[in-house]
Amino acid sequence: MTTQKPMQIGMVGLGRMGANLVRRLMRDGHRCVGYARTEKTVRQLAGEGMTGANSLADLVAKLDRPRAVWLMVPAAAVQPTLDELVTLLDPDDVVIDGGNSYYHDDLARARQLAAHRIHYLDCGTSGGVWGLERGYCLMIGGEEAPVRRLDPIFRTIAPGHGSAELTPSRTRDGTAPEGYLHCGPNGAGHFVKMVHNGVEYGMMAAIGEGLSIIRHANAGKSTRIVDAETAPLRDAEGYQYDIDVAEVAEVWRRGSVVESWLVDLTADALARSPQLEDFTGRVSDSGEGRWTVQAAIDESVPAPVISTALMDRFESRGLGEFTDKVLSAMRSEFGGHAEKRG
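Residues numbered from 1 in each chain as written. Predicted model: local features only at pLDDT ≥ 70, side-chain atom pairs only at ≥ 80, totals over all residues. Heavy atoms only, no water.

Digging into the overall build of the protein chain
When its secondary structure is counted, the protein chain shows 14 helices and 8 strands. Seen through its C-alpha atoms, the protein chain measures out along the principal axes to roughly 75 × 45 × 45 Å. The long-range fraction of contacts in the protein chain, counting pairs at least 24 apart against all pairs at least 6 apart in sequence, stands at 65%. Here the protein chain displays about 19,800 Å² of accessible surface, and carbon together with sulfur accounts for 54% of that area. Here the protein chain carries 37 positive and 46 negative side-chain charges, and the mean point of each set is 4 Å from the other. (Helix = DSSP H or I, 4+ residues; strand = E, 2+ residues; numbered from the N terminus. Contact = heavy atoms within 4.5 Å. Areas by Shrake-Rupley, 256 points an atom, 1.4 Å probe, with all protein chains shown as cover. Lys, Arg positive; Asp, Glu negative; His and termini not counted. Charge placed at Lys NZ, Arg CZ, Asp CG, Glu CD.)

Set out below in structure tokens:
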């Protein structure tokens with residue numbers, strides 16, 4: 001496809017997502033100027049058609065006014081980058097933060113740039129390493145005028161109308177069916193993306209837990225130690241199943257209620273490695289789940305699934321080890337219960 005309104009945009013940060021954003025934009029006819037701290041990355045994309053820059057100042061100098069600069073850098077690098085950019089940009093230029101910044105930071109950053117009459121947009125970007133081909137779901141916050149100005153950019157990056165079936169009951173117009181949405185004023189885009197990631201935590205946890213229950217459906221075949229420290233399995237006959245978890249994930253992909261991209265990805269991982277030997281089970285969290293839980297607390301909205309999924313990630317990193325030791329110590333003290341080993 002080729003856009004009817006080619007534009008120029010600068011990309012700061014050329015990691016996996018930043019680089020693929022550039023590739024997707026160029027493929028649709030937009031002109032990109034890119035900068036990253038790693039010169040090799042800049043050279044590689046320059047070989048694919050991007051105009052390379054060796055500094056933020058060089059990037060800004062190579063952009064036509066009014067400029068648009070998209071930041072695709074870690075959350076901790078956004079503020080230093082903005083502080084430098086604000087000295088280089090001109091009134092009516094636009095800066096888009098496409099990373100996973102905390103939406104409260106967006107409010108302060110919008111005020112910072114507004115003092116220089118520079119527009120600030122926060123854009124939650126979902127799609128991961130598959131976005132080049134699938135497109136990226138975009139959740140945008142900021143003033144309406146610069147969002148409207150950059151519509152050709154957002155339209156190219158987004159998956160487009162054909163990525164999902166039409167919602168049968170939908171009658172209103174808008175860009176949401178195209179895969180991008182102006183959610184509201186500054187902070188709204190990252191707020192929606194924050195909650196999106198919190199939901200993702202819960203969905204991932206449910207899929208993982210469900211497949212684990214299926215994997216252990218043969219618990220009745222194992223001989224259990226009979227002692228005061230081990231809860232008996234009352235219905236061993238009901239747990240005699242050796243079920244192929246990889247095949248379950250595959251069949252769930254086709255016509256089931258839980259059919260989803262997450263199940264697709266899980267099935268692919270299990271097809272490559274049915275026992276997932278390459279993984280230890282240590283699950284990181286980059287902040288969005290924590291912020292979602294905090295927002296739920298502030299709003300007094302019950303969110304037990306997301307909260308529990310976040311706690312499970314902490315547990316996966318061994319951060320509950322001391323809690324477990326305290327529990328074991330208390331059982332020893334009040335009941336003389338010795339720890340079971342192994």
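Past the structure itself, the notes keep going.
Description of the packing of helix α9 (residues 188–215) against helix α12 (residues 288–299)
Look at α9 against α12: their axes get within 8 Å of each other, and the N-to-C directions meet at 105 degrees. Judged by the inter-axis angle, α9 sits roughly perpendicular to α12. On the side of α9, the interface is formed by F191, M194, V195, N197, G198 and Y201, while α12 contributes E288, G289, W291, T292, A295 and E299. Residue composition of the contact of α9 with α12, by class: 6 nonpolar, 4 polar and 2 charged. (Axes fitted to C-alpha atoms, helices over the stretch in contact; angles between N-to-C directions. Parallel < 35°, antiparallel > 145°, perpendicular 65-115°, else oblique. Nonpolar A, V, L, I, M, F, W, Y, C, P; charged D, E, K, R; others polar.)

What to know about the side chain of E288
Residue position: E288 is located in helix α12. For the buried residue E288, which engages in no salt bridge, the nearest side chain bearing the opposite charge is K193, 5.4 Å off. Sequence-distant contacts of E288, that is, excluding residues within four places in its chain, are made with N100, M194, N197 and Y201. (Buried < 20%, exposed > 50% of the residue type's maximum accessible area, 1.4 Å probe, protein only. Salt bridge = Lys/Arg side-chain N within 4 Å of Asp/Glu carboxyl O.)

A word on a negative patch on the surface
Where like charges cluster on the molecular surface, the negative patch consists of E209, D312, E315 and D324. Counting through the fold element by element, E209 comes out in helix α9. Under the relative-accessibility criterion, E209 is labelled partly exposed at 46%. (Patch = residues over 30% accessible without salt bridge, like charges linked within 9 Å, V, L, I, M, F, W, Y side chains within 5 Å.)

Let's talk about the environment of Y136
With respect to the helices and strands, the residue Y136 is situated in the loop between α6 (131–134) and β7 (137–141). On the basis of relative accessible area, Y136 is assigned to the buried category, the value being 0%. Placed 165 residues apart in sequence, Y136 and V301 show a C-alpha to C-alpha distance of 29 Å.

Topic: the pattern of salt bridges
Considering all chains together, one arrives at 19 salt bridges under this definition. Residue E250 is joined to R254 by a salt bridge in which the shortest nitrogen-to-oxygen separation is 2.5 Å. By relative accessible area, which is 26% here, E250 ends up partly exposed.

A closer look at the packing of aromatic side chains
Going through the model one piece at a time under the given rule, you end up with 4 aromatic pairs. Between Y103 and F191 the ring centres are 4.9 Å apart and the planes differ by 90 degrees, which places this aromatic pair in the edge-to-face class. On the criterion of sequence distance, the pair formed by Y103 in helix α5 (residues 103–114) and F191 in helix α9 is long-range, its members being 88 residues apart. The exposure class assigned to Y103 is buried, which follows from its relative accessible area of 17%. Taken together through their ring pairs, the aromatic side chains of Y102, Y103, F191 and W291 make up a single cluster. Sitting over the face of the ring of Y201, R313 holds its NZ or CZ atom 3.6 Å from the ring centroid. (Phe/Tyr/Trp six-rings, centres within 6.5 Å; stacked < 30°, edge-to-face > 60°. Lys NZ or Arg CZ within 6 Å of the ring centre and 35° of its normal.)

Focus on helix α10 (residues 245–252)
Restricting attention to buried positions, one finds in α10 the residues V245, A246, V248 and A249. All buried residues of α10 project into a common sector of 160 degrees when viewed along the axis, lining one side. Exposed residues pointing more than 90 degrees away from the buried face of α10 are listed as E247 and V251. For α10, the secondary structure elements touched by its buried residues are α9 and α11 (261–272). Capping the start of α10 is the job of one residue whose side-chain oxygen sits 3.1 Å from the backbone nitrogen of A246: D244. (Arc of directions from axis to C-beta. Polar contact = N/O pair within 3.5 Å; in protein donor to acceptor, adjacent residues only side chain to side chain.)

Digging into unusual backbone geometry
The omega torsion across R65 and P66 is -10 degrees, close enough to zero to call that bond cis. On the secondary structure map, P66 appears in the loop between α3 (56–61) and β4 (68–71). A positive phi angle, close to 80 degrees, is found at D92, a residue other than glycine. Assignment of secondary structure puts D92 in the loop between α4 (75–85) and β5 (94–97). Given the relative accessible area of 34%, D92 is considered partly exposed. One non-glycine residue, S300, lies in positive phi territory at about 60 degrees. On the secondary structure map, S300 appears in the loop between α12 and α13 (304–316). Taking relative accessible area as the criterion, S300 reaches 63% and is therefore assigned exposed.

Section: helix α14 (residues 321–335)
Taking 1.5 Å of rise per residue, the 15 residues of α14 would be expected to cover 21 Å, and the 21 Å separating its terminal C-alpha atoms lies within 8% of that figure. In the segment just after α14, G336 is the residue with positive phi, at about 65 degrees. (Expected span 1.5 Å × (residues − 1).)

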